[in-house]
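# Observations on the three-dimensional arrangement
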Amino acid sequence: MTTKTSAAAWEPVPVKAEPAERELAAPYMNPYLAGVGLGLVLLAAFVVMGRGLGASGAFNRLVVFVLGGLAPEHAKASPFFASYLDGPPLKDWLVFEVLGVLAGAFISGLLARRVMVTVEKGPHASVGLRLAMAFAGGLLMAIGAALARGCTSGQALSGGALLNLGSWAFMLSVFAGAYALAYFVRREWR
Amino acid sequence: MIAPLFRYGLFGDETSLIVAFLIGIGFGFFLERAGFGSARKLVAQFYLTDLAVFKVMFTAIVTAMLGATYLAWMGLLDLSLVNLVPTYVVPQIAGGLVLGFGFVIGGYCPGTSMAAVATGRIDGVFFGLGLLAGSFVFGEVIRLPAVASFFTSTELGETTIPTYVNLPYGLVVFAVVLMALGGFWAAGLLERKAAACATR
């Protein structure tokens, strides 16, 4: 693991790496090859489990776990939280799958020498702005995923491969929403 | 029929959690391999400079879709036993728009933010905290009757495109494959255009 402590540690890792970083980090996999790999993992989930992949549900469960401990009656009164309270919230397929995602990404990053403490941002954005935007984006995304009953993994990817009607409507609106807003947040990235 | 294995009782709930962890490792591995632990790589999709998000996502969808379709045709996989998220048209379109806003503002989606956290991205950690905050906010506002009734509006149940438009399953699969191939060709074209603009 590469942990830099200098001010340079806060610089993002460029998508097209500078000569110094290029020696360190391996190039990304061909997108079509990575797509086939991801598709086979998804197919394995269908065949072995009879379900797709997911992510946002695990975050909802962590919230319900904490809230259910602090204010159980309050949590039970919300239909959204209550839907995760049929058993121990964290003893769940998606929670263990997301722990696997952390492990798998760490293994891949380690093998490619891409593990480093850094902030991903455009060259003209401050670290403070980027971290605030990351938090705000996450907040919006969780609300969107809850409304849609799934995120990019559970809806777009898994439902897309099953030709789920709602998943395809969802997927088109994700791209529409992101493209519509991209111009207005370009200073964060460009 | 022998699959889905779990639905046919080949193993129990406890074992399914180990399976979840193993499948998660594969998921996270390929997300990071593709470069999706990097917010800059992901949002490049929305500035048309690098369309890896589209390429990876649609290759994965086509791969899993073709695999599931062929296994079902060979009588090995019962597709009716694979979970389908029920369709609620308007909330899912609205949710998609909000999620799209969050994607370009925050730079990740829930799955890729975990790949970012695992490879040391501090912004991935803040995105994850945002996810927890957003989940809490949604759980609170859904108590309002107006929000709750919007959430359950325009319900169509568990349905697929071939069922809804009444076309053969294989024909829709074929159309999706053609669409993806056309998209890959257009993506290459757009990337070359963006590169030409950048060097000009």
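Residues numbered from 1 in each chain as written. Chains lettered and ligands numbered in written order. Predicted model: local features only at pLDDT ≥ 70, side-chain atom pairs only at ≥ 80, totals over all residues.

## Details of the overall build of chain B
Helices and strands together make up the secondary structure of chain B, namely 9 helices and 2 strands. Projected onto its principal axes, the C-alpha coordinates of chain B cover approximately 55 × 45 × 35 Å. In chain B, which comprises 200 residues, the share counted as buried stands at 50%. Long-range pairs, those at least 24 residues apart, make up 65% of the contacts in chain B between residues at least 6 apart in sequence. (Helix = DSSP H or I, 4+ residues; strand = E, 2+ residues; numbered from the N terminus. Buried ≥ 20, exposed ≤ 12 C-beta atoms within 10 Å, placed from the backbone. Contact = placed C-beta atoms within 7 Å.)

## Quick look at the overall build of chain A
Of regular secondary structure, chain A possesses 10 helices and 0 strands. The secondary structure elements of chain A, listed N-terminal to C-terminal, are α-α-α-α-α-α-α-α-α-α. In chain A, the proportion of contacts linking residues at least 24 apart, taken out of those at least 6 apart, comes to 62%.

## A short note on the confidence of the model for chain B
The pLDDT averaged across chain B works out to 96; a share of 100% of its residues lies at or above 70. Confidence metrics for the complex model read pTM 0.92 and ipTM 0.96. (pLDDT = per-residue confidence, 0-100.)

## Looking at the interface of chain B and chain A
Counting from both sides, the interface comprises 112 residues of chain B and, opposite them, 113 residues of chain A. Its residues assigned to classes, the side of chain B that touches chain A comprises 72 nonpolar, 29 polar and 11 charged. (Nonpolar A, V, L, I, M, F, W, Y, C, P; charged D, E, K, R; others polar.)

## Description of the nonpolar core
Among the nonpolar cores identified, the biggest contains 116 residues, and Leu42(A), Ala142(A), Ile61(B), Ala64(B) and Val104(B) are the most heavily contacted of them. With 12 residues, the single largest contributor to this core is helix 7 (residues 127-148) of chain A. In this view, Ile61(B) contacts Leu157(A), Gly160(A) and Ala161(A); residues no more than four positions away in its chain are not counted. (Core = buried A, V, L, I, M, F, W, Y, C linked by C-beta atoms within 7 Å.)

## Regarding unusual backbone geometry
Only a minority of non-glycine residues have a phi that is not negative, and only a minority of peptide bonds are not trans. With an omega of 5 degrees, the peptide bond running from Ala3(B) to Pro4(B) counts as cis. A positive phi angle, close to 65 degrees, is found at Arg149(A), a residue other than glycine. Relative to the assigned elements, Arg149(A) resides in the loop between helix 7 and helix 8 (152-161).

## Considerations on the packing of helix 7 of chain A against helix 6 (residues 122-141) of chain B
Across the interface, helix 7 of chain A lies against helix 6 of chain B with an axial gap of 6 Å and an inter-helix angle of 40 degrees. In this view, helix 7 of chain A runs oblique relative to helix 6 of chain B, as classed from their interaxial angle. You can see that helix 7 of chain A and helix 6 of chain B cross each other, and the crossing is right-handed. Among the residues forming the contact of helix 7 of chain A with helix 6 of chain B, the class breakdown is 18 nonpolar, 6 polar and 2 charged. (Axes fitted to C-alpha atoms, helices over the stretch in contact; angles between N-to-C directions. Parallel < 35°, antiparallel > 145°, perpendicular 65-115°, else oblique. Left-handed = near helix turned anticlockwise from the far one by under 90°.)

## Here we look at the environment of Thr199(B)
Residues and elements named next belong to chain B. Relative to the assigned elements, threonine 199 resides in helix 9 (residues 169-199). Under the C-beta neighbour-count criterion, threonine 199 is labelled exposed, with 5 such atoms within 10 Å. It is 50 Å that separates the C-alpha atoms of threonine 199 and isoleucine 142, two residues lying 57 residues apart in sequence.

## Description of helix 3 (residues 56-70) of chain A
Its 15 residues place the ends of helix 3 of chain A 22 Å apart at the C-alpha level, agreeing with the 21 Å of an ideal helix rising 1.5 Å per residue. Every buried residue belonging to helix 3 of chain A is among Ser56(A), Gly57(A), Ala58(A), Phe59(A), Asn60(A), Arg61(A), Val63(A), Val64(A), Leu67(A) and Gly68(A), and all of these are buried. (Expected span 1.5 Å × (residues − 1).)

## Notes on the confidence of the model for chain A
Any residue range with low pLDDT should be treated as having predicted coordinates unsuitable for detailed reading. For chain A, the average pLDDT comes to 90, and 88% of its residues sit at 70 or higher. When the criterion is pLDDT under 50, residues 1-12 of chain A qualifies, and its contacts beyond four places in sequence or with other chains add up to 18 contacts.

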